[in-house]
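Below, each chain spelled out in residue letters.
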Amino acid sequence: MCGPKIKISEANYLKIKEICASFNNNPGELINVLHKTQEHFGYLPEEVQQVVADCLGIPVGKVFGVVSFYSFFTMKPKGKYAISVCLGTACYVKGAEKILDALKSELKISEGGVTDDGKFSLDVLRCVGACGLAPVMTINGKTYGRLVPEQVKNILAEYAD
Amino acid sequence: MNNVETYANIPVIINKGADWFSSIGTEKSKGTKVFALAGKINNVGLIEVPMGITLREIIYEIGGGIKGGKKFKAVQTGGPSGGCLTEKHLDTPIDYDSLVAAGSMMGSGGMIVMDEDDCMVAIAKFYLGFTVDESCGKCTPCRVGNKRLHEILTKITDGKGTMEDLEKLKNLSSVIKDTALCGLGQTSPNPVLSTINNFWDEYVEHVTEKKCRAGQCKALKKYYIDPEKCKGCTACARACPVGAITGTLKNPHVIDQDKCIKCGTCYEKCRFGAISIK
Amino acid sequence: MDTIKLTIDNRAVEVPKGTTILKAADQMGIKIPTLCNFELEGLALKNHPGGCRICVVEVAGRRNLAPACITECMQDMVVKTNSPRAINARKTVLELMLSDHPNDCLQCPKNGKCELQALAADMGIREIPFQGEQSEYPIELSPSIVRDANKCIMCRRCESVCHEYQSVGAIGAVERGFPAVVAPAFGKNLIDTNCVFCGQCIAVCPVGALSEVDHTGKVLRDIANPDVKTAVQVAPAVRVALGEEFGMPAGSIVTGKIAAALKAIGFDYVFDTDWSADLTIMEEGTEAIGRFKAFLAGDKNVKIPIMTSCCPAWVNFYEKFYPELREYPSTAKSPQGMFGATVKTFFADKIGVPREKLISVSVMPCVAKKYECEREELGANGNPDVDYSITTRELARIIKMCNIDFKNLPEAKFDSPLGESTGAAVIFGVTGGVMEAALRTAAEVLTGQTLPKVDFEEVRGLEGVREATIPIPGVIDLKVAVVYGLKNARMIMEQIKAGNCPYHFVEVMACPGGCIDGAGQPYHHGDASIIKARHAAIYKADREMPLRKSHENPEIISIYKEFYGEPGSEKAHHLLHTHYFDKKKHFDLEK
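**Description of the sheet that holds strand β1 (residues 32-39) of chain B**
Pairing between sheet strands relies on hydrogen bonds along the backbone, with the strands arranged either parallel or antiparallel.
All names here are of chain B.
Stage number 1. In space, the 5 strands of this open sheet follow the order β2-β1-β5-β3-β4, with mixed pairing throughout. Either end of the sheet is taken by a strand with one partner, and the two such strands are β2 (45-50) and β4 (83-86). Taking the axes of each pair of neighbouring strands and ignoring which way they run, one obtains an average angle of 30° across the sheet.
Stage number 2. Note: β1 against strand β5 (residues 110-115), 4 bridges, orientation parallel. Across the sheet, the residue bridging to glycine 39 is valine 113, located in β5.
Stage number 3. Of the strands in this sheet, β3 (72-77), β4 and β5 touch helix α5 (residues 120-134), which is tilted by about 15° from β3.

Here it is as C-alpha cells:
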C-alpha cells in the first residue's frame, strides 16, 4: 500500500520548487510564492498547490485556504484575453452593469467564466482607479473607458486573432 | 503615513512652509484635499480643493453641474464605508468633521455624484454587494449579517419588502456596526443607515407603493403604451418574448402587466415613443 | 503582580493585569455566554479567535460593543454584561447564526449536547427573523467522523485543534465571506486527506457539524440476531467517564456497572480490553527489552527509541507523515487489536463458533478505533478481528434506549477467560499509563527482582511533554518521554530524523491527557476539571486493583500456557503484532 499519488510533470514540479526556494521555502512567504506561481502557470491547480505545500512544509489545506480566500488567485485557467469589468461605484452609477450584461450575452458566459474556445474570460472587479473614465473595463490590462454597451461587440472583434 | 496623498503634500509644505499650508482649510482640517470626482457630473476627474469648500462649489463650479441637465440627488463620499450627502448639505463646508456630522466620512476621497435616475435603495444594495464580497467570514455579524442586509435590500428592490423589513434593516445595521470584528464590518451598514436617514421616503415608496421613483429597480418598472401615440404598427407585440402585448393592426396596443417581464424590448422597438416607463 | 480595578454589572472587582472581561466576570459568578471561545486549561488546547461575537458586552465610553473573550480589563473600566444594548446585539447575532443553521435539532447527533441549542434556549429564541440563503454542503461520512458542514458556525475550534494541537491540518477555513466554512482542501473527503481520525474536532465542536459515525443500530441488530454470538470489550478510559452521561460526578469509577449494563443489553460475552492491555504489555514489553538488549550490545541497526503503538490516531499519523520512521513504533497491535485477534481465534474455537458468526464489538473512548477496525491487516480472510467499535457516548445512548437504570445498577464482573486485569492495564487510559505499565513489567524482567514500589510517579502528570530517567539497576538508565498531542509527537519524530533523539522509550497519545479525553468520551465542553477528575480516577482504580503488574495477571499467564506459548512467539507474532504502511502523499513525476 502506498499513499495518494499526485501526478505532475517533472518540469512543473522543478519550477515550483525553484520558486519556493527563491523565497527560502519560508511558509510566511506563501502569498508571494502563490503570486509567482500563478504568474508562471496562469492558474493554481490542485497539484501545484500540493507541491507548494510540500516545499513550504505546511498542510495543503493552508495553501488552499489562501487560494480560495483571495479572488486574485484562481484554480481555473483564465482566457487568452482576460476581461475585467469595473463595478466600482463610479462605474456602477454610469451603467457598468449594462456593459457587463452586453459582454455576457456576447460571449455567452457569466462572471468568472471562460469561453469554450478558451479565448475570453470574464471577471468583475471593484475599481481600477479610473473613475473619470467610467464605465471602464480592461482586457489583458488594456483599459477601455466611457463605454456604452453598443461598443462591446466591436471591441471584442479587435481580438479576432 | 502610508498614503500617497499625504506624501504628495510634503514637498509643497517644505517649500512653502507650514504656515502657508495651515492658512488653507478650516479650523480643524488644514490644507487641501484631493477628491476623485465622478458620476453624473459634467467634469469628472481628480480635483484638489481647499478644505472647507462647499459641495455646491465642487459640483456646480468645478464639476460643471449635473450631466444632461438632470436633477442633483446625492453625493456619495468615503466609499463603501461612507454615506450620502444630499441637497440640504450643498452649502456645508466640507472637512473631516462636517462629513462625519452629516453621517458620511472622508474615507477614500471618492465623491460620486448621483442624479434623479439613481435609486438610493439600489445604491445601498450595491454597496452591500461589495461588503458581502469583501467580508472575510471570520465574525458572524459581517459574514451572515451583511448577507442578510443584502437579501433584505434585494427583497425591497424586488418589490417584496415590508415595513417590518425596514425595521429589521435598522436594527441589523446598528447591531453589525456594534459587534463586527474589524473596520469593514463596523462600517458596512453605513450606506444603508445613511440612505435610510436621508431617503426614508424612497424606501417607504418601494415597500408600500411598489414604486421606484428613479426607475432603476427593474422589478418595479411598469411599461405603458400611450394610446394617443401608438400607431398600431405591431412591432412591439411581435418583439415581446412573452406575448404580453395585444392589439390589432393600426389600433392602439395594450401591455398585460401580469405577463410583462420588464425586459424593455418593446420600449426599444417602438419607433413612435409611445411606450413609457413608470 | 499588577492588578486592575474595574466594575462589572455594578460590582467592583480586582483582577491581575491581562485578565479578559470574560474571565473577570466568570470569577464573579457572571457567566457571559460564548461559542467560539474554548480552552482546556492546563491541557494546551485553546481557541480564542473572537469571531462569533456572542460574548459582546457594553463598556462605558467605548464606541462599539466589546467581545468579552478577547478584551482585557482596564483600570476603572465600567462593564455592563446585560445592558439592553448588549442583550439585543447578542440575540441578533445568535439569530443571524441560526438563520444559516439547519433546524433539525431532533435528528441531530448533538441534540441535548449542543452549545448553540442551549444558548438559543437561554436567549429565549422563539423565531428567526432573518430568512435567506442557507449554506448547502454534502454530508460526509468517513470511517470515524461524520462531517455536516451545514451546521458549522465557523467557531474554528476544530481548526485550532487540527492545526495547532495535532499539527495535522486536515481541515481549515476555506473560501471567504458567507461561503466561508471549515473543510478539507479541494472539497475532498477526510479519508483523502491527512486526517488521522483522532476526532478531537468532534470533542470540541460546539454543534453537530462534527460527530462520530454511529453504530448503535448495528449493536442492537446483532444482539437481536439469533444466528450470531456477540462478544464485547471495554477500554480502560470508558470506566471513569461513562457515569457522567447518567448524572454521576466526573471521575466516578463505574467498571462493575458497565459489565452489568452490557450483560443487560444482551451481549453474550462481556470482556475487558484491560485484559488485552496486559497482553499488550507482555508483547510490547518483550519487544522493547529485545531492542534495549540489542542496543546495549552495540547493535547499530536497532531502532531506538521504541515507541508505543496503541493509539490509532498516532499510528495513522506516522503512516501519513513519517512512514520512513515506521520501524520505530512497536509492532505490537493495540489492546483492541490484540483482543480482537484472540477472541476471533482462541475464543471462537473454544466456544465452537466460526469467526464470522462471532461478532466482536469494542467500546472505546475513541473514534480513531472505528478506523482501526476497518484496517484490512487486522482481520483474517476479510473478516475483521473487531467488527466495529462504539464510543463511550454511543454506549450511553444504548443503555438509555434499553431503559437501564445505570446509576442504580448492581455491579457485575467481566466474563472469563478474557476479563481479568491488573492496575497496569487500567492506567492505559491516561497519558503515561502505557509507559508506567511497561516499566512495571520490563524492570522486573530485566533485573529479575520484584519492584519495591510499583508507582512510577516520574511519568505521571498532565503536561504535554514529560521526560524522565528511570534507573534499571545494573542494566540501563532508561531515558523515557511521554507525550500527548500529535504536535508533540511530531517534535519527537523530527528529533529521530535529525538523529538527536535522546530517548530509549517514548509513549505517544493523540488526545489531551490520553484516552480519558478521547474523542468518544462524554463531552466536557471545555471544562478541564472533568479531565482531571477522570485522570485521578484512573490512578485510584489502579491503586484499588489487587494485582498491579501485567505479567501477574492469571488470565494472561494462562493464555500463554494454553494458546500463545510465550511472549514474542511465532503465534504471538502472527496474531498480536502488525506492520505499518507508507501512506504519505507522493509526487508521480511525468517526464
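**Here we look at the confidence of the model for chain C**
Stage number 1. Per-residue confidence for chain C averages 97 on the pLDDT scale, and 100% of its residues sit at or above 70.
Stage number 2. Scored as a whole, the predicted complex attains pTM 0.93, and scored at its interfaces, ipTM 0.93.

**Notes on the side chain of Glu377(C)**
Residue and element names in this part refer to chain C.
Stage number 1. Topologically, glutamate 377 is positioned in the loop between α11 (368-373) and β17 (379-380).
Stage number 2. Side-chain polar atoms of glutamate 377 contact the side chain of arginine 375, separated by 2.8 Å.
Stage number 3. Setting aside residues no more than four positions away along its own chain, glutamate 377 makes contact with Thr578, His579 and Phe581.

**A closer look at the interface of chain C and chain A**
For interface size, the figure often reported is the accessible area lost on association.
Stage number 1. Contact residues are listed per partner, giving 21 residues for chain C and 29 residues for chain A.
Stage number 2. If you sort the residues of chain C by the area they bury against chain A, Phe186(C), Lys585(C) and Phe587(C) come out on top, with a joint share of 30%.
Stage number 3. Scanning the region where chain C abuts chain A turns up 3 salt bridges.
Stage number 4. Of the charged contacts, one joins Glu46(A) and Lys188(C) as a salt bridge, the two residues approaching to 2.8 Å between their closest N and O atoms.
Stage number 5. Seen at the junction of chain C and chain A, the total is 12 residue pairs in polar contact (both at pLDDT 80 or more).
Stage number 6. When residues of the side of chain C that touches chain A are traced back to their parent elements, those giving at least two are β10 (172-174) and β23 (586-590) of chain C.
Stage number 7. Top element by residues in the side of chain C that touches chain A is β23(C). It accounts for 5 residues.
Stage number 8. The residue inventory of the side of chain C that touches chain A, partitioned by class, reads 8 nonpolar, 3 polar and 10 charged.

Quick notes on the rules
- Residue numbers restart at each chain and count upward from 1, following the sequence in its written direction.
- A letter from A marks each chain and a number from 1 marks each ligand, given out in the order of writing.
- In keeping with the predicted nature of the model, local features appear solely for residues at pLDDT of at least 70, side-chain atom pairs appear and are counted solely at 80 or more, and the whole-chain, interface and lining totals rest on all residues.
- Side-chain metrics in this entry use all non-hydrogen atoms of the structure; hydrogen atoms and water are not considered.
- Note: two strands are recorded as paired if DSSP finds a minimum of 2 bridges between them.
- Here a helix means four or more residues in a row that DSSP labels H or I, a strand means two or more in a row labelled E, and each is numbered from the N terminus.
- Note on method: axes are straight lines fitted to C-alpha atoms, helices fitted across the in-contact stretch only, with angles between N-to-C directions ranging 0 to 180 degrees.
- Pairs of residues are marked as contacts when any of their non-hydrogen atoms sit within 4.5 Å.
- Summary of the metric used: pLDDT quantifies the predictor's per-residue confidence within the range 0 to 100.
- Counted as a polar contact is a pair of N or O atoms within 3.5 Å, where, for protein atoms, one must be capable of donating a hydrogen and the other of accepting one, and residues adjacent in sequence contribute only when both atoms are in side chains.
- Once two parts are brought into contact, the accessible area they lose, counted with a 1.4 Å probe and summed over both, makes up the buried area.
- For this document, the term salt bridge refers to a Lys or Arg side-chain nitrogen within 4 Å of an Asp or Glu carboxyl oxygen.
- Throughout this entry, Asp, Glu, Lys and Arg are counted as charged residues, while Ala, Val, Leu, Ile, Met, Phe, Trp, Tyr, Cys and Pro are counted as nonpolar. The remaining residues, Gly among them, count as polar.

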